[in-house]
Amino acid sequence: MWVAATEGHRMMCWRIPTAGSVAKQQSQKSVLLPRKKFIYHYKNMRWARGRHETYLCFVVKRRVGPDSMSFDFGHLRNRNGCHVELLFLRHLGALCPGLWGYGVTGERKVNYSITWFCSWSPCANCSFRLVQFLNQMPNLRLRIFVSRLYFCDLEDSREREGLRVLKKAGVHITVMTYKDYFYCWQTFVACNQSKFKPWDGLHQNSVRLARKLNRILQPCETEDLRDAFKLLGL
């Protein structure tokens, strides 16, 4: 995995070993995704057949002074059977120094804000694992933008429940819109100054998926109302 960080006006890039293996790394000369690969994996088509990998573009921010923030970014994909969301957690120690705190007792924990742009929404297992981790990290804020929804067609699917659990844990989940694709194109893609050209149906599919995601997340609010009514004896 390539990671880039800025210090003042200077840009640095380095690699982090993926999935516990240092034998074979990507042969990229850049931290950026090829244009065709980004479009292929992030295209929000209704039937995304053949796209068995999940790509995750990330931005990690932390405040380093009253008027300054550090800014790290990069991308990952599934490796050796490890889902990309869990793979990202393996690299948090390198990406987020001080997240667990400094000193013997772990005091002085650093606050981080992390944003993911994912080609697929998390599976149920990854959602539950993320929640377990986030419950131990009150100094970490996570936002997830997704291009497509993974196995969310069935009303009682575990993937739907996983997304609801993530929302309850304070994770902001939303469907990518044109401006999010444009941002990713400018930030993560080797676009060579070419403009982002939206594909046919980008806006319509984004609206359709956003409505679907809102319906999936709605039961959380309904359950909260039921709990409130029970407390009031209604």
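What counts and how
Residues numbered from 1 in each chain as written. Predicted model: local features only at pLDDT ≥ 70, side-chain atom pairs only at ≥ 80, totals over all residues. Heavy atoms only, no water. Helix = DSSP H or I, 4+ residues; strand = E, 2+ residues; numbered from the N terminus. Buried < 20%, exposed > 50% of the residue type's maximum accessible area, 1.4 Å probe, protein only. Contact = heavy atoms within 4.5 Å. Areas by Shrake-Rupley, 256 points an atom, 1.4 Å probe, with all protein chains shown as cover. pLDDT = per-residue confidence, 0-100. Pairing = 2+ DSSP bridges. Phe/Tyr/Trp six-rings, centres within 6.5 Å; stacked < 30°, edge-to-face > 60°. 1 Å grid on protein atoms, 1.4 Å probe; cavity = no way out; pocket = protein on both sides within 12 Å on 5 of 7 lines; lining within 4 Å. Points joined across faces, edges and corners; volume = space filled by probe spheres on them. Nonpolar A, V, L, I, M, F, W, Y, C, P; charged D, E, K, R; others polar. Salt bridge = Lys/Arg side-chain N within 4 Å of Asp/Glu carboxyl O. Polar contact = N/O pair within 3.5 Å; in protein donor to acceptor, adjacent residues only side chain to side chain. Core = buried A, V, L, I, M, F, W, Y, C linked by side-chain atoms within 4.5 Å.

(A) Summary view of the overall build of the protein. Each helix and strand in the protein was counted, giving seven helices and seven strands. Beginning at the N terminus, the succession of helices and strands in the protein can be written as β-β-α-β-β-α-α-β-α-β-α-β-α-α. Relative to its 234 residues, the protein shows a buried fraction of 46%. Nonlocal contacts in the protein, meaning residues at least 24 apart in sequence, comprise 69% of its contacts between residues at least 6 apart. As displayed, the protein offers around 13400 Å² of accessible surface, 53% of which is attributable to carbon and sulfur atoms.

(B) Just the confidence of the model for the protein, in detail. When pLDDT is averaged along the protein, the result is 82, and 78% of the positions lie at 70 or above. Every residue in residues 1-29 scores below 50 in pLDDT, and together they form 71 contacts with partners more than four places removed in sequence or on other chains.

(C) Main features of the pairing of strand β3 (residues 55-65). Pairing analysis gives ten bridges linking β3 to strand β4 (residues 68-77), with the strands arranged antiparallel. Bridging across to β4, Arg63 finds its partner in Met69. Between β3 and β4, which pair antiparallel one after the other, the connecting turn spans two residues. Note: β3 against strand β5 (residues 112-120), seven bridges, orientation antiparallel. Bridge assignment links Val59 to a residue of β5, and that residue is Thr115.

(D) The packing of aromatic side chains, seen in detail. One pass over the full model with this rule turns up 18 aromatic pairs. A ring pair is formed by Phe38 and Tyr42, whose centres lie 4.8 Å apart and whose planes are at 25 degrees; its orientation type is stacked. Linking Phe38 with Tyr42, this pair stays in helix α1 (residues 35-42), spanning four residues, or about one helical turn. Neither Phe38 nor Tyr42 differs from the other in exposure class; each is buried. For the ring pair Tyr181 and Trp199, a centre distance of 5.0 Å and an interplane angle of 80 degrees mean the geometry is edge-to-face.

(E) Spatial organisation of the layout of surface pockets. Within this model, the largest pocket holds a volume of roughly 650 Å³. For the largest pocket, the lining is made up of 27 residues, of which Trp120, Leu149, Tyr150, Phe151 and Cys152 are closest to its centre. The greatest single-element share of the lining of the largest pocket, amounting to three residues, is contributed by helix α7 (residues 202-232). The residue makeup of the lining of the largest pocket, split by class, is eleven nonpolar, seven polar and nine charged.

(F) Fine view of the pattern of salt bridges. Taken as a whole and assessed by the stated rule, the structure comprises three salt bridges. The residue Glu155 makes a salt bridge to Arg160 at a minimum N-O spacing of 3.1 Å. Classification of Arg160 as buried rests on a relative accessible area of 7%. Glu161 is the salt-bridge partner of Arg164, the closest N and O atoms lying 3.3 Å from each other. With Arg164 and Glu161 both in helix α5 (residues 158-168) and three residues apart, the pair spans about one turn of that helix.

(G) Structural view of the side chain of Asn44. Topologically, Asn44 is positioned in the loop between α1 and β3. Judged by relative accessible area, which is 0%, Asn44 ranks as buried. In this structure the side chain of Asn44 is engaged in a polar contact, spanning 2.7 Å, whose partner is the side chain of Trp199. Looking at Asn44, its side chain comes within polar contact range of the main-chain oxygen of Leu202, at 3.1 Å. With sequence-adjacent residues up to four places away left out, Asn44 is seen in contact with Ser147, Arg148, Tyr181, Trp199, Gly201, Leu202, Asn205, Ser206, Arg208 and Leu209.

(H) Structural context of the nonpolar core. The biggest cluster of nonpolar side chains holds 41 residues, and the ones touching the most others in it are Phe88, Ile114 and Trp116. Excluding residues within four positions of it along the chain, Ile114 makes contact with Val59, Val60, Phe88, Leu92, Cys96, Leu140, Arg141, Leu142 and Arg143. Membership of the second largest hydrophobic core comes to 20 residues, among which are Tyr42, Cys57, Phe145 and Tyr181.

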